[in-house]
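Tertiary structure, described
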Amino acid sequence: MPHTTQLYQAVPETRWPIVYSPRYNITFMGLERLHPFDAGKWGKVINFLKEEKLLSDSLLVEAREASEEDLLVVHTRRYLNELKWSFAVATITEIPPVIFLPNFLVQRKVLRPLRTQTGGTIMGAASTTAPVTGAGASVPMRTSHLPSSFCLSVWRASPEPPSLISMPTSPSGAPTSCTRLVNLWTCPSHTGHVHISGLHRPLKPLGNGHERDFMGDKRVYIMDVYNRHIYPGDRFAKQAIRRKVELEWGTEDDEYLDKVGRNIKKALQEHRPDVVVYNAGTDVLEGDRLGGLSISPEGIVKRDELVFRVVRGHQVPILMVTSGGYQKRTARIIADSILNLHGLGLIGPKSRSVSAQSSDTPLLPMAVP
């Protein structure tokens, strides 16, 4: 049912195109250390950027928590009720000790951060395209064919498209697919076209959630760059990938960047999107035992620059989500990439490439009927 949401808000041009909230970070009695994903990396990224004098709290777009009404747009009441059981949340987050916590603590210390992460990603997706109509949201470890994910109707953006970074890309603080985060659903009554570029390799290396969700939808073009040997090897999901770029164990910078560059250019020639969702994972980093590739920190920074240059060169809006990465040093790399993109004029509060409307014009409606 249509409902009013607080996830759309006016965003002044003077704000940095980064959606974040301190409530993203999950810290409680050390439980966050029991999962290889750094559930506090977003705060570390922001602190690095503050140390570099790049931004302050007043310049960020603060994420809002997705409400139960937002979640019910795509989830069943039954699924949301399951989250009131600590056992279910422990299974979803892959942190067994959560079983022993009272559920009111699980709600406050685990699920509230995840709902805020979900809300922030929706806000990021909404800010990347204008105008927008209708939104829903997702919570951990489900995809729409299970069912879930969140939906957003996308229309043609303004002539000077925005770039926006949403932190995080994972509402569960665990391996995820692009669908759960920025699943841009082009509703049958609309004509938006979406390009999803997956340059990440988390535990679910094919990003097989969003690939299954968009199976057969010609309005969604998926390019995926992945280690072909790692779990889950979902052959059915592969059918949804319009441009597959399969990598071998230990692939290094030169080959990786060459394949990313050549293929994203070809993808944009084949499909003119209204928005690009860029799943910018750091699990390609050398030493990541789950990703199995050997990309240097400099290679990741260069990859992000390459993607932004190509996409912005086509005058297409881009939403970058920070995605997976299972080493503690990934926060520094993400911060370095943002600093590089800003230094090149590809992102920023008053970047020539970012501004789409006058500061007196709200970028988003305050509520959606």
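Throughout what follows, the structure given in this document is the object of discussion. As the structure is a prediction and not an experimental result, all values here were calculated from the model. (Residues numbered from 1 in each chain as written. Predicted model: local features only at pLDDT ≥ 70, side-chain atom pairs only at ≥ 80, totals over all residues. Heavy atoms only, no water.)

**Things to note about the overall build of the chain**
Put simply, the rule reads: Put simply, DSSP H or I for four residues or longer makes a helix, DSSP E for two residues or longer makes a strand, and each gets a number counted from the N terminus. A simple rule labels every residue: compare its accessible area, found with a 1.4 Å probe on the protein chains alone, to the largest value its type can have, and call it buried under 20%, exposed over 50%, or partly exposed in between. Two residues form a contact once any of their heavy atoms are found within 4.5 Å. For the accessible areas, the method is Shrake-Rupley and the probe is 1.4 Å, while residue cover comes only from the protein chains on display.
Helix and strand counts for the chain stand at 11 helices and 10 strands. The buried share of the chain, reckoned over its 369 residues, is 62%. For the chain, restricting intrachain contacts to residue pairs at least 6 apart in sequence, the fraction spanning at least 24 positions comes to 77%. When the accessible surface of the chain is split by element, carbon and sulfur atoms take 54% of a total near 14600 Å².

**Observations concerning the nonpolar core**
For clarity, the cut-off: To qualify as a nonpolar core, a set must consist of buried Ala, Val, Leu, Ile, Met, Phe, Trp, Tyr and Cys residues joined through side-chain atoms within 4.5 Å.
Ranked by internal contacts, the top residues of the largest apolar core, which has 77 residues, are Ile18, Leu49, Tyr256, Ile264, Phe308, Val311 and Ile338. If one sorts the elements of this core by residue count, helix H5 (residues 103–128) sits on top with eight residues.

**Thoughts on the pattern of salt bridges**
Cut-off, in case you're wondering: Any Lys or Arg side-chain nitrogen located within 4 Å of an Asp or Glu carboxyl oxygen qualifies as a salt bridge.
If you walk through the whole model with that rule in mind, you get 17 salt bridges. Here Lys44 ties to Asp38 by a salt bridge, and the two come within 2.8 Å at their closest N and O atoms. You can call Asp38 buried: its relative accessible area is 5%. Between Glu305 and Lys302 there is a salt bridge, with the nearest N and O atoms lying 3.4 Å from each other. Of the two residues, Glu305 and Lys302 are both situated in helix H10 (residues 297–313); the distance of three residues between them amounts to about one turn of the helix. Here the salt bridges do not stand alone but share partners, grouping Arg228, Lys238, Glu246 and Glu248 into one network.

**What about H10?**
Rules: A helix's residues, less one, multiplied by 1.5 Å, set its expected span.
Between its first and last C-alpha atoms H10 spans 24 Å; for 17 residues at 1.5 Å apiece the expected length is 24 Å, and the two agree. Of all 17 residues that make up H10, 13 are buried, and the element is covered over most of its length. At the exit of H10 stands Gln315, carrying a positive phi of roughly 55 degrees.

**Points about unusual backbone geometry**
You will see that Lys53, though not glycine, has its phi angle at about 60 degrees, which is positive. Accessibility expressed as a relative area gives 75% for Lys53, which makes it exposed. For Gln315, which is not glycine, the phi dihedral falls at a positive 55 degrees. Structurally, Gln315 can be placed in the loop between H10 and strand S10 (318–321).

**Some words on the packing of helix H4 (residues 86–93) against H5**
We apply this condition: Orientation is described by axes fitted as lines to C-alpha atoms, over the contacting stretch for helices, and by angles from 0 to 180 degrees between their N-to-C directions. Working rule for angles: under 35 degrees goes down as roughly parallel, over 145 as roughly antiparallel, 65 to 115 as roughly perpendicular, anything else as oblique. All residues other than Ala, Val, Leu, Ile, Met, Phe, Trp, Tyr, Cys, Pro, Asp, Glu, Lys and Arg, Gly among them, are scored as polar; the first ten of these are nonpolar and the last four charged.
Interhelical geometry of H4 versus H5 gives an angle of 30 degrees and a closest axis separation of 10 Å. Of the possible angle classes, the one that applies to H4 and H5 is roughly parallel. Residue-level contacts link Ser86, Val89 and Thr93 of H4 to Asn103, Val106, Val110 and Leu111 of H5. Residue composition of the contact of H4 with H5, by class: four nonpolar, three polar and no charged.

**A word on the pairing of strand S7 (residues 220–227)**
Formally: By the convention used here, strands pair only if DSSP detects at least 2 bridges between them.
With eight of its eight residues buried, S7 lies for the most part within the structure. Side chains Val220, Ile222, Asp224 and Tyr226 of S7 all project onto a buried face; the interleaved residues Tyr221, Met223, Val225 and Asn227 project onto the opposite face, where all are buried too. Relative to strand S8 (residues 243–247), S7 runs parallel, the two being bridged by five bridges. Counterpart to Asp224 in the pairing with S8 is Lys244.

**Some points on the packing of helix H1 (residues 41–51) against helix H11 (residues 330–343)**
Keep this limit in mind: Put simply, a crossing is left-handed when the front helix is turned counterclockwise from the back one by less than a right angle, and right-handed when it is turned clockwise.
Running from amino to carboxyl end, H1 crosses H11 at an angle of 45 degrees, the nearest separation of the two axes being 8 Å. The angle between the axes of H1 and H11 places the two elements in the oblique class. Where H1 crosses over H11, the handedness of that crossing is right-handed. Contacts from Lys41, Lys44, Val45, Phe48 and Leu49 of H1 reach H11 at Thr330, Ala331, Arg332, Ile334, Ala335, Ile338 and Leu339. Broken down by class, the residue content of the contact of H1 with H11 amounts to eight nonpolar, one polar and three charged.

**Description of the packing of aromatic side chains**
For clarity, the cut-off: Aromatic pairing here means that ring centres of Phe, Tyr or Trp (its six-membered ring) are within 6.5 Å. Orientation follows from the plane angle: under 30 degrees is stacked, over 60 is edge-to-face, and everything else is tilted.
For the coordinates displayed, the defined rule picks out three aromatic pairs. Joined through ring pairs, the aromatic side chains of Tyr20, Tyr24 and Trp42 make up one cluster.

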